[in-house]
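# Fold and geometry: a report
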Amino acid sequence: MKDVVALVTGASRGVGRGIALALLAEGATVHVTGRTRSEAEASEIKRIGSLEGLALEAATLPGRLVVHHCDHSNDAETERVAAEIRAGGRLDILVNNAWPGYENMVENGDFTWPRAFWEQPVWRWDAMIGTALRAAFVMSHAVAPVMVSAERGLIVNISFWAAQFYDGNAVYGIAKAAADKMAADFAHDLRPHHVAAVALYPGLVRTEAVMQNAEYFDLSNSESPQFIGHVISGLWRDPGLMSKSGQVLVAAELAREYDIADINGYRPVPLTAADFAKS
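Residues numbered from 1 in each chain as written. Predicted model: local features only at pLDDT ≥ 70, side-chain atom pairs only at ≥ 80, totals over all residues. Heavy atoms only, no water.

## As for the packing of aromatic side chains
Centre-to-centre distance and the angle between the planes together describe a pair of aromatic rings. All told, the structure shown has nine aromatic pairs when counted by the stated rule. Consider the rings of tryptophan 161 and tyrosine 201, whose centres lie 5.2 Å apart with planes at 70 degrees: the pair is edge-to-face. Of this pair, tryptophan 161 sits in the loop between β7 (153-158) and α6 (170-190) while tyrosine 201 sits in strand β8 (residues 195-201), placing them 40 residues apart in sequence. When the ring of phenylalanine 165 is compared with that of phenylalanine 276, the centres are 6.5 Å apart and the planes differ by 15 degrees; the resulting orientation is stacked. Of this pair, phenylalanine 165 sits in the loop between β7 and α6 while phenylalanine 276 is found in helix α11 (residues 273-277), placing the two residues 111 residues apart along the sequence. The partly exposed category is assigned to phenylalanine 165, whose relative accessible area is 23%. Above the ring of tryptophan 99, the side-chain terminus of lysine 176 is found at 3.9 Å from the ring centroid. (Phe/Tyr/Trp six-rings, centres within 6.5 Å; stacked < 30°, edge-to-face > 60°. Helix = DSSP H or I, 4+ residues; strand = E, 2+ residues; numbered from the N terminus. Buried < 20%, exposed > 50% of the residue type's maximum accessible area, 1.4 Å probe, protein only. Lys NZ or Arg CZ within 6 Å of the ring centre and 35° of its normal.)

Set out below in structure tokens:
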């Protein structure tokens with residue numbers, strides 16, 4: 001991957017950070033965006049992970065990290081990052097991962113996440129659709145010309161089974177279904193230019209937030225944050241990539257196809273529609 005240039009949005013922590021680290025470990029040049037600059041700032045907002053921390057971790061890896069501080073709720077900031085990418089003249093992989101939708105699940109001591117849709121706070125719509133989904137469209141819109149000009153590229157929308165089955169929150173399901181549809185329609189428009197677009201589903205990922213609440217999760221079939229990044233690398237190298245364009249793909253299924261194990265050697269069992277249909 002040493003000749004590959006990627007952009008991962010929302011990489012201060014969580015899945016985005018893991019994807020960036022995996023691609024850097026394989027030698028890629030990786031641009032990242034994030035809102036949280038420093039560990040001190042992360043501490044202030046009571047979260048783990050920052051762009052500063054990512055840079056420190058990336059320093060030991062063979063790839064090249066390029067950090068862009070960016071709040072994707074502001075289109076101008078998204079466009080600024082895209083312009084900086086375009087100025088470099090190349091982008092092979094875009095991973096639309098930025099996702100403020102999990103913030104503030106508990107409000108004033110009340111766990112509002114699983115409420116019925118008419119009891120959901122409207123800000124959650126704004127976070128998941130007005131920010132996350134919009135940022136995916138705006139960034140893709142801004143960088144697609146670079147891929148089209150090169151006649152190669154891959155756009156990955158990080159999504160989940162909530163797109164197809166109820167998973168505790170209607171707004172969440174709507175946002176993920178839209179991410180899937182966005183990837184499918186992007187693929188249609190990009191196909192003549194040999195650029196692929198997919199929606200990619202992780203399993204249960206051992207993010208910082210999950211590990212802080214590990215007692216509430218069955219981690220026996222969980223994935224490291226880096227796992228999906230190595231899968232994206234395998235997808236990029238797949239000579240049949242264009243045949244997968246437009247599809248919803250499950251990271252653990254692709255890992256089996258590409259013979260990719262997680263960083264601890266474990267091979268996650270893919271979740272299927274049946275796992276959600278019966279729940």
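## Digging into the sheet that holds strand β9 (residues 248-250)
Across the sheet, seven strands lie side by side as β3-β2-β1-β4-β7-β8-β9; this open sheet has parallel pairing. Lying at the two open borders of the sheet, with one neighbouring strand each, are β3 (64-69) and β9. Pairwise comparison of adjacent strand axes, ignoring direction, gives a mean angle of 20 degrees for this sheet. The sheet contact formed by strand β4 (residues 93-96) and β7 spans four bridges and is parallel. Across the sheet, residue valine 95 finds its bridge partner in β7, namely valine 156. Across the face of the sheet, helix α5 (residues 122-150) comes into contact with β1 (5-8), β4, β7 and β8 while running at roughly 175 degrees to β4. Helix α10 (residues 251-258) rests against β8 and β9 of the sheet, and its axis sits at about 70 degrees to β9. (Pairing = 2+ DSSP bridges. Axes fitted to C-alpha atoms, helices over the stretch in contact; angles between N-to-C directions. Contact = heavy atoms within 4.5 Å.)

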